[in-house]
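Observations on the model geometry
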Amino acid sequence: NNHKDFYSSGYPHTPTLPSSRSKLVCGFTMLETIMAVVIGAILLSVAFYSFSSLQNNSSIQKNVSQVKSLLEEARFFSVSERSDYAYGLYLQSDRVISFRGATYNATDTENTTKLLDGALIDNISINGGGSSVVFNKITGASDTFGTFRIKLSKDANQNTTIRISRTGIISEEQ
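Presented here is a report on the structure given in the accompanying data block. (Residues numbered from 1 in each chain as written. Predicted model: local features only at pLDDT ≥ 70, side-chain atom pairs only at ≥ 80, totals over all residues. Heavy atoms only, no water.)

**Examining the packing of aromatic side chains**
A complete count under the given rule lists four aromatic pairs for this structure. Residues F76 and F77 carry aromatic rings whose centres are separated by 5.9 Å and whose planes lie at 55° to one another, so their mutual orientation is tilted. By relative accessible area, F76 is classed as exposed at 54%. Where Y90 meets Y104, the ring centres are 4.0 Å apart and the plane angle is 5°; that geometry is what we call stacked. Pair noted here: Y90 is in strand 1 (residues 87–91) and Y104 is in the loop between strand 2 (95–100) and strand 3 (112–115), with a separation of 14 residues, a long-range link. On the accessibility criterion, Y104 (23% relative accessible area) is partly exposed. An aromatic cluster is built from F76, F77 and Y87, whose rings are joined through pairwise contacts. (Phe/Tyr/Trp six-rings, centres within 6.5 Å; stacked < 30°, edge-to-face > 60°. Buried < 20%, exposed > 50% of the residue type's maximum accessible area, 1.4 Å probe, protein only. Helix = DSSP H or I, 4+ residues; strand = E, 2+ residues; numbered from the N terminus.)

Here's what the structure looks like:
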């Protein structure tokens, strides 16, 4: 009698079998699968947007750095003792052209052209009009001071403004 009570109480462990009405179900439900796919898609889109934004920022900074470097080089060459010329940059929508002399001459063989990579120059606002920035031979100052904008060709919201002061100092503004 004690033997019967011991097993009927379920102690220590009595295996139970599923009844004919309940079935043992293994795996994922359709809802769980759909939720996993939706969460994965959201995470993937966030990662793609972040990567794209990072790539755009890198591209604009690369172009801005190159143009600023060319401007600083022109200013340096202008005040250099080794040269008897003023130097400048001529701005076009997809390139900048370094030139020697007080004015830009398109036929001068000494000009060097740098194409922008996926970016454009616009909103050129140079004192006296035009698209040239020239630095004074002795002081490095510029009578052609002003601003212009470098923007990504595929996303105009990604842009930086370059400012050349009257004293020839070059800076950037977001």
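That covers the picture; the talk isn't over yet.
**Section: the pattern of salt bridges**
Two side chains that carry opposite charge are able to pair once their charged atoms sit near each other. Taken as a whole, this structure holds six salt bridges when the rule is applied. For D122, the salt bridge goes to K151, with nearest N and O atoms at 3.3 Å. With D122 in strand 4 (residues 119–126) and K151 in strand 6 (residues 146–152), this residue pair connects regions lying 29 residues apart in the sequence. Judged by relative accessible area, which is 18%, K151 ranks as buried. Each of the salt bridges in this network shares a partner with another, and the network as a whole consists of D122, R149 and K151. (Salt bridge = Lys/Arg side-chain N within 4 Å of Asp/Glu carboxyl O.)

**Some remarks on the nonpolar core**
Ranked by size, the top nonpolar core spans 22 residues in total, and within it L71, F148, I150, I162 and I164 carry the most contacts. Broken down by secondary-structure element, the contributors of at least two residues to this core are helix 2 (30–79), strand 1, strand 4, strand 5 (132–135), strand 6 and strand 7 (159–164). No other element matches the six residues that helix 2 contributes to this core. Aside from chain neighbours lying at most four places away, what touches I162 is V64, K68, L71, G146, T147, F148, I150, I170, S171 and E172. (Core = buried A, V, L, I, M, F, W, Y, C linked by side-chain atoms within 4.5 Å. Contact = heavy atoms within 4.5 Å.)

**Overview of the sheet that holds strand 4**
Strand order in this open sheet of four strands is 4-6-7-8, and the pairing throughout is antiparallel. Looking along the sheet, the strands with just one partner apiece sit at the ends: strand 4 and strand 8 (170–173). Strand-to-strand, the axes of this sheet are offset by a mean angle of 20°, without reference to chain direction. Here strand 4 pairs with strand 6 via six bridges, running antiparallel. Residue pairing in the sheet places D122 in a bridge with R149 of strand 6. (Pairing = 2+ DSSP bridges. Axes fitted to C-alpha atoms, helices over the stretch in contact; angles between N-to-C directions.)

**Remarks on a nonpolar patch on the surface**
A cluster of nonpolar side chains, contributed by M30, I34, V38, I42 and V46, occupies part of the molecular surface with about 480 Å² of accessible area. Assignment of secondary structure puts M30 in helix 2. (Patch = residues over 30% accessible without salt bridge, like charges linked within 9 Å, V, L, I, M, F, W, Y side chains within 5 Å. Areas by Shrake-Rupley, 256 points an atom, 1.4 Å probe, with all protein chains shown as cover.)

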